[in-house]
Amino acid sequence: MLVFNREKILVNGNNYDFDNDYINSHSGVEIVNDSRKFPDCWQVLTKWLDVDSINLFDNEKFINLRELYHLGGLEAFTRASGAWEFANWYRNVKICSFCGDKLMPSNNDFGRVCPSCKRVFYAPQSPAVIVAVECENKLLLAHNKAWPSDRVSIIAGFVEPGESLENTVMREIREEVGIEVCNIKYFGSQTWPFPNSLMLGFTAEYKSGKLHPDGSEIESAGFYTCDEINKMNIPDKASIARKLIDNFIATH
């Protein structure tokens, strides 16, 4: 059972999965939601406990999910990400948006049902593309205004209604850095619980245009060699952004 407190997960050394007796040995536990009390169909998922407070032992602490990746690896990060998205959804969405009645866990699937109007709701997922753009053996990296001053990464953006993933790739790159791309290929995907993204990775090739950062989100952008990238502040290994960057370096 994973124990969350808002955006963080409880760990004890290298352990992040606890049984009921262990949690009951703590004092001051204030439970917000407990997935073990949901209908049987929910019990195939990772079990989680969302708490508002708990008195920790000396060797315990709450860490964020990025830190969990470095502690337990991809399997721990992926497992905790899915559980946390459900926990976060239950904490923040409590009532039916149509009639205002309190939502209840479904007996049939991983949805939540309104007992009054019978509408069913599901945990939201926000698909987003992330793209490694290559030009003459160089990789496009950009700096977002919201990041630390030396941080760079590849271009990403959310899918809009009515778009194919390929159209999103072309639009986001055009909007953020002003160039056109071609030869778009799917690379892989990753759940990214900040708060509920599904990252869809692609590679692409430069087609035309001159780099022109939009100025509102992207402050600077350029194409860089492998040697240059190895000296830059790029995303850590928890992200698919880093996997795409590492793939570029490994193939050039």
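Look a little higher up for the structure.
Student: Is there a simple way to think about the packing of aromatic side chains in this case?
Tutor: Scanning the entire structure with this criterion turns up 18 aromatic pairs. Relative to Y22, the ring of F18 has its centre 4.9 Å away and its plane inclined at 10°; by these criteria the two rings are stacked. Classification of F18 by relative accessible area gives buried; the value is 5%. Residue class for Y22 comes out partly exposed when judged on its relative accessible area of 21%. Between Y22 and F57, the aromatic rings sit 6.0 Å apart at their centres with planes inclined by 90°, giving edge-to-face as the arrangement. Taken together, the residues span a long stretch of sequence, with Y22 in helix α1 (residues 20-24) and F57 in the loop between β4 (48-53) and β5 (60-64) at a distance of 35 residues. Judged by relative accessible area, which is 32%, F57 ranks as partly exposed. Cluster of aromatic residues (ring-pair linked, three or more members): F38, W42, W48, F86, W89, Y90 and F110. Against the face of F194 rests R66, its NZ or CZ located 5.0 Å from the ring centre.

Student: Help me out: how do you make sense of unusual backbone geometry in this one?
Tutor: What you tend to see is this: most non-glycine residues have negative phi, and most peptide bonds are trans. Backbone torsion omega between F194 and P195 reads 0°, so that peptide bond is classified as cis. Its place among the elements puts P195 in the loop between β12 (180-192) and β13 (197-208). The backbone of R6 shows a phi angle near 55°, a positive value even though the residue is not glycine. With respect to the helices, strands and loops of the structure, R6 is situated in the loop between β1 (2-5) and β2 (8-12). Note on R6: relative accessible area 44%, which makes it partly exposed.

Student: Please explain the environment of N55 as it appears in this structure.
Tutor: On the secondary structure map, N55 appears in the loop between β4 and β5. Between the C-alpha atom of N55 and that of D19, which follows or precedes it by 36 residues, the distance is 16 Å. Once residues lying within four places of it in the same chain are set aside, the contact partners of N55 are H26, S27 and G28. Here S27 takes part through its side chain, which lies 2.8 Å from a polar atom of the side chain of N55.

Student: Would you take a moment to explain the pattern of salt bridges for this structure?
Tutor: Opposite charge on two side chains lets them pair, provided their charged atoms get close. The tally for this structure, following the rule as stated, stands at eleven salt bridges. Taken together, the shared-partner salt bridges in this structure form one network comprising R6, D50, D52 and R91.

Student: Would you mind showing me how to read the nonpolar core here?
Tutor: Within soluble globular proteins, side chains that are nonpolar tend to cluster in buried spots. Among the nonpolar cores identified, the biggest contains 43 residues, and F4, I9, W48, L65, L68, L139 and I154 are the most heavily contacted of them. Counting residues per element, the ones that place at least two in this core are β1, β2, α2 (65-92), β9 (126-135), β10 (138-144), α4 (226-229) and α5 (240-250). The element that contributes the greatest number of residues to this core is α2, accounting for twelve residues. Excluding residues within four positions of it along the chain, L68 makes contact with I9, V11, Y16, I63, G73, A76, F77 and A80.

Student: It is not clear to me how the sheet that holds β2 should be interpreted in this structure. Could you clarify?
Tutor: Strand pairing in a sheet relies on backbone hydrogen bonds, with the paired strands running either antiparallel or parallel. What the five strands build is an open sheet, ordered β3-β4-β1-β2-β5; its pairing is mixed. Every other strand in the sheet has two partners, leaving β3 (30-34) and β5 as the edge strands with one partner each. Sheet twist, expressed as the average angle between the axes of neighbouring strands with direction ignored, equals 40°. Sheet topology places β1 next to β4; three bridges connect them, and they run parallel. The residue of β4 that forms the bridge with L2 is W48.

Student: What is the right way to read the layout of surface pockets from this model?
Tutor: Gaps left between atoms are located by rolling a probe of water-molecule size over the structure's atoms. Considering only enclosed or pocket space, the largest pocket measures out at about 570 Å³ in volume. Lining the largest pocket are 28 residues, and of these I130, W147, I154, A156 and M199 sit closest to its centre. Listed by contribution, the elements that provide at least two residues to the lining of the largest pocket are β9, β10, β11 (155-158), α3 (165-177), β12, β13 and α5. Looking at which element gives the most residues to the lining of the largest pocket, the answer is β11, with four residues. Taken together, the residues of the lining of the largest pocket break down into 14 nonpolar, six polar and eight charged. Its volume calculated, the second largest pocket comes out at about 270 Å³. Considering the residues around the second largest pocket, the lining is formed by 13 residues, among which V32, N33, Y90, K102 and L103 are closest to the centre. Of all the secondary structure elements, the ones that give two or more residues to the lining of the second largest pocket are β3 and β6 (104-105). Looking at which element gives the most residues to the lining of the second largest pocket, the answer is β3, with four residues. Residues belonging to the lining of the second largest pocket are distributed by class as follows: seven nonpolar, one polar and five charged.

Reading guide: rules and limits
- Residues numbered from 1 in each chain as written.
- Predicted model: local features only at pLDDT ≥ 70, side-chain atom pairs only at ≥ 80, totals over all residues.
- Heavy atoms only, no water.
- Phe/Tyr/Trp six-rings, centres within 6.5 Å; stacked < 30°, edge-to-face > 60°.
- Buried < 20%, exposed > 50% of the residue type's maximum accessible area, 1.4 Å probe, protein only.
- Helix = DSSP H or I, 4+ residues; strand = E, 2+ residues; numbered from the N terminus.
- Lys NZ or Arg CZ within 6 Å of the ring centre and 35° of its normal.
- Contact = heavy atoms within 4.5 Å.
- Polar contact = N/O pair within 3.5 Å; in protein donor to acceptor, adjacent residues only side chain to side chain.
- Salt bridge = Lys/Arg side-chain N within 4 Å of Asp/Glu carboxyl O.
- Core = buried A, V, L, I, M, F, W, Y, C linked by side-chain atoms within 4.5 Å.
- Pairing = 2+ DSSP bridges.
- Axes fitted to C-alpha atoms, helices over the stretch in contact; angles between N-to-C directions.
- 1 Å grid on protein atoms, 1.4 Å probe; cavity = no way out; pocket = protein on both sides within 12 Å on 5 of 7 lines; lining within 4 Å.
- Points joined across faces, edges and corners; volume = space filled by probe spheres on them.
- Nonpolar A, V, L, I, M, F, W, Y, C, P; charged D, E, K, R; others polar.

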